[in-house]
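These are the residues of each chain, in order.
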Amino acid sequence: MASLRIGEVDPALPRTFGNTTVHRSVFDAFVDTADPTPRYESAKPNETSNKIASHVLSLLPAHPTLQIGIGSIPETVVSSLGDADLESVRFAGMATDEMVDLFERGVIPAAGDEPAIMSPELMGTERIMQFADCNPALSVYPSSIAHDAAVLGGIRRFVSVNTAIEVDMTGQVNSEMVRGRQVSGIGGSLDFVDAASRSAGGLRVIALPSTTSDGAHSRIVPSIGPGGTVTIPRSMVDAIVTEYGVARLDGLSARERAEALIAIAHPNHRDSLVDQVGAQR
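Residues numbered from 1 in each chain as written. Predicted model: local features only at pLDDT ≥ 70, side-chain atom pairs only at ≥ 80, totals over all residues. Heavy atoms only, no water.

A. Representation of helix H1 (residues 47-59). In this model H1 runs 19 Å from its N-terminal to its C-terminal C-alpha over 13 residues, within 8% of the 18 Å that 1.5 Å per residue would give. Looking only at H1, the buried set comprises Ser49, Ile52, Ala53, Val56, Leu57 and Leu59. One side of H1 carries all its buried residues, which in axial view fall inside an arc of 145°. Residues of H1 that are exposed and angled more than 90 degrees away from the buried face: Glu47 and Ser58. For H1, the elements touching its buried residues are helix H2 (72-80), strand E8 (158-162), strand E13 (203-207), strand E15 (239-242) and strand E16 (245-248). (Helix = DSSP H or I, 4+ residues; strand = E, 2+ residues; numbered from the N terminus. Expected span 1.5 Å × (residues − 1). Buried < 20%, exposed > 50% of the residue type's maximum accessible area, 1.4 Å probe, protein only. Arc of directions from axis to C-beta. Contact = heavy atoms within 4.5 Å.)

In C-alpha cells:
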C-alpha cells in the first residue's frame, strides 16, 4: 500500500449506486480538482453507421441486455433503439448520453431487482453524469465485476456489439493494428464476447464499415497479415455486419464463411477478394 494516499475531489462527478464508495479514512489528504471534468462527445451518425445499425437491430432478441463498444457504429446502434420494437433494453458496459434519451422514452426500464444499466465507466457529458447521480437505474462497478464474463454470462440474452479494424475470411477479428501500427487495445471486448458466449440466448456481433474511409482498402480481408493481430478468434463470433448486410457465421464451413463475408464486402472489392481467396486454396 502507498505510504501517502491523496484523494482528488471533483464535485461535478455523480454519486452512483453499485460499488464505487471509498471511505474517507483510506486517504491521508484531499485536494479539490483544478481541472474540468473530462467530457466525451458521442460520435455523430452517418449514412454508413445508420445502415449498419439497422442491420444490427434486426439481429437483436426481445428484451436484450446490450453491450456496445466505442465509436460511431455502436453508438448509432444505441440511438436507433428508440425506434426499434424491442419493448425494453438493458445495458452492460460503457454508459453514454444516448442511454438517457432511451430511459426517458421508456425503452430502458426503471430499476427493478437489477440495475437497468450496469457500467464500469460513464463516457459522456454532463447529461449522463446528472442522470447517474443518485439514480438506482444505473450502477457503476469496478472492472473486476463489470467485465467478469462469469457474472455477465449469467444474464439472459446478453448481446455484445463491437467494431473492428478488419475481419478475415474465416471470421478472425483484428481490433488493434493497422499495417503494423498499434492504434487500439483489446479493452473489454474479449471479456464481453466471452460473456455473450456463456449467456443463454446470447449473441456476439462485430460491426464495421466495408472499407477504409477513403474506400481504397477493404476491411473484409483474405487473411490477417503480418501487420495485424487476432483480437477475437473466429470461434467467438456469431455475426459480422457491414452496411451491405449480415454474415451469420455460426455453423458455417470455411468455404461458406468466405462466401458470406464476400457478400457483405464493398462491391468494388468483391472480385478481388474472390481472386485472392481462390489463390490461397
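B. Region of interest: the sheet that holds E15. Sheet architecture is open: nine strands sit in the order E2-E7-E6-E5-E4-E8-E13-E15-E16, paired in mixed fashion. The open sheet has two edge strands, strand E2 (17-18) and E16, and neither has a second partner. Two strands pair when backbone bridges link them, and E15 and E16 are joined in this way by four bridges, in the antiparallel orientation. Looking at the pairing, Ile240 lines up with Ala247 of E16. On top of the sheet, H1 reaches E8, E13, E15 and E16; it is set at about 150° to E15, its chief contact. (Pairing = 2+ DSSP bridges. Axes fitted to C-alpha atoms, helices over the stretch in contact; angles between N-to-C directions.)

C. Summary view of the packing of H1 against H2. Relative orientation of the contacting elements H1 and H2 amounts to 60°, with a least axis distance of 8 Å. Classified by the angle their axes make, H1 and H2 are oblique. Handedness of the crossing formed by H1 with H2: right-handed. Where H1 approaches H2, its residues Ser49, Asn50, Ile52, Ala53, Val56 and Leu57 are matched on the opposing element by Ser72, Ile73, Thr76, Val77 and Ser80. For the contact of H1 with H2, a count of residues per class yields six nonpolar, five polar and no charged. (Parallel < 35°, antiparallel > 145°, perpendicular 65-115°, else oblique. Left-handed = near helix turned anticlockwise from the far one by under 90°. Nonpolar A, V, L, I, M, F, W, Y, C, P; charged D, E, K, R; others polar.)

D. Summary view of the pattern of salt bridges. All told, the structure shown has 11 salt bridges when counted by the stated rule. We note a salt bridge from Glu126 to Arg39, for which the minimum N-O separation is 2.3 Å. Residue Glu126 is found in helix H4 (residues 126-132), and its partner Arg39 is found in the loop between strand E3 (29-32) and H1; the two are separated by 87 residues along the sequence. Exposure remark for Glu126: the relative accessible area of 42% places this residue in the partly exposed category. Taken together, the salt bridges that share partners define one network made up of Arg39, Glu41 and Glu126. (Salt bridge = Lys/Arg side-chain N within 4 Å of Asp/Glu carboxyl O.)

E. Region of the structure containing the packing of aromatic side chains. For the structure shown, the criterion picks out two aromatic pairs. Aromatic side chains Phe27 and Phe30 sit 5.4 Å apart centroid to centroid with 55° between the ring planes, which places their arrangement in the tilted category. Judged by relative accessible area, which is 39%, Phe30 ranks as partly exposed. With a centroid separation of 5.0 Å and 70° between ring planes, the pair formed by Phe103 and Phe131 is classed as edge-to-face. Placement of Phe103 in helix H3 (residues 97-104) and of Phe131 in helix H4 is noted, with a sequence separation of 28 residues between them. With relative accessibility at 24%, the residue Phe103 sits in the partly exposed group. Residue Phe131 is classed as buried on the basis of its relative accessible area of 11%. In this structure, Arg270 is placed above the aromatic ring of Tyr244, and the distance from its NZ or CZ to the ring centre is 5.5 Å. (Phe/Tyr/Trp six-rings, centres within 6.5 Å; stacked < 30°, edge-to-face > 60°. Lys NZ or Arg CZ within 6 Å of the ring centre and 35° of its normal.)

F. Region of the structure containing unusual backbone geometry. Even without being glycine, His63 reaches a positive phi, approximately 55°. In this fold, His63 is placed in the loop between H1 and strand E4 (65-68). Unlike most non-glycine residues, Arg179 shows phi in positive territory, near 45°. Looking at the secondary structure, you find Arg179 in the loop between strand E11 (177-178) and strand E12 (181-182).

G. Summary view of the pairing of E15. With burial as the criterion, each face of E15 is covered, one bearing Ala239 and Val241 and the other bearing Ile240 and Thr242. Relative to E15, E13 runs parallel, the two being bridged by three bridges. Following the sheet pairing, Val205 is matched in E15 by Ala239. The loop that links E15 with its antiparallel partner E16 comprises two residues.

H. The arrangement of a nonpolar patch on the surface in detail. On the surface, Leu4, Ile6 and Val31 cluster together into a nonpolar patch covering about 280 Å² of accessible area. Its place among the elements puts Leu4 in the segment before strand E1 (6-9). Residue Leu4 is classed as exposed on the basis of its relative accessible area, which comes to 54%. (Patch = residues over 30% accessible without salt bridge, like charges linked within 9 Å, V, L, I, M, F, W, Y side chains within 5 Å. Areas by Shrake-Rupley, 256 points an atom, 1.4 Å probe, with all protein chains shown as cover.)

I. The nonpolar core, seen in detail. With 38 residues, the main nonpolar core has Leu66, Leu81, Phe91 and Leu138 as its most contacted residues. Broken down by element, the residue count for this core peaks at five residues, all from H1. Non-local contacts of Leu138, meaning those with residues more than four positions away in its chain, are made with Phe17, Ala95, Ile117, Leu122, Ile128, Phe131 and Ala132. If you look at the next biggest cluster of nonpolar residues, it comprises 22 residues, including Val167, Val237, Ala260 and Leu273. (Core = buried A, V, L, I, M, F, W, Y, C linked by side-chain atoms within 4.5 Å.)

Read these as layout, nothing more, since geometry by itself doesn't imply function.
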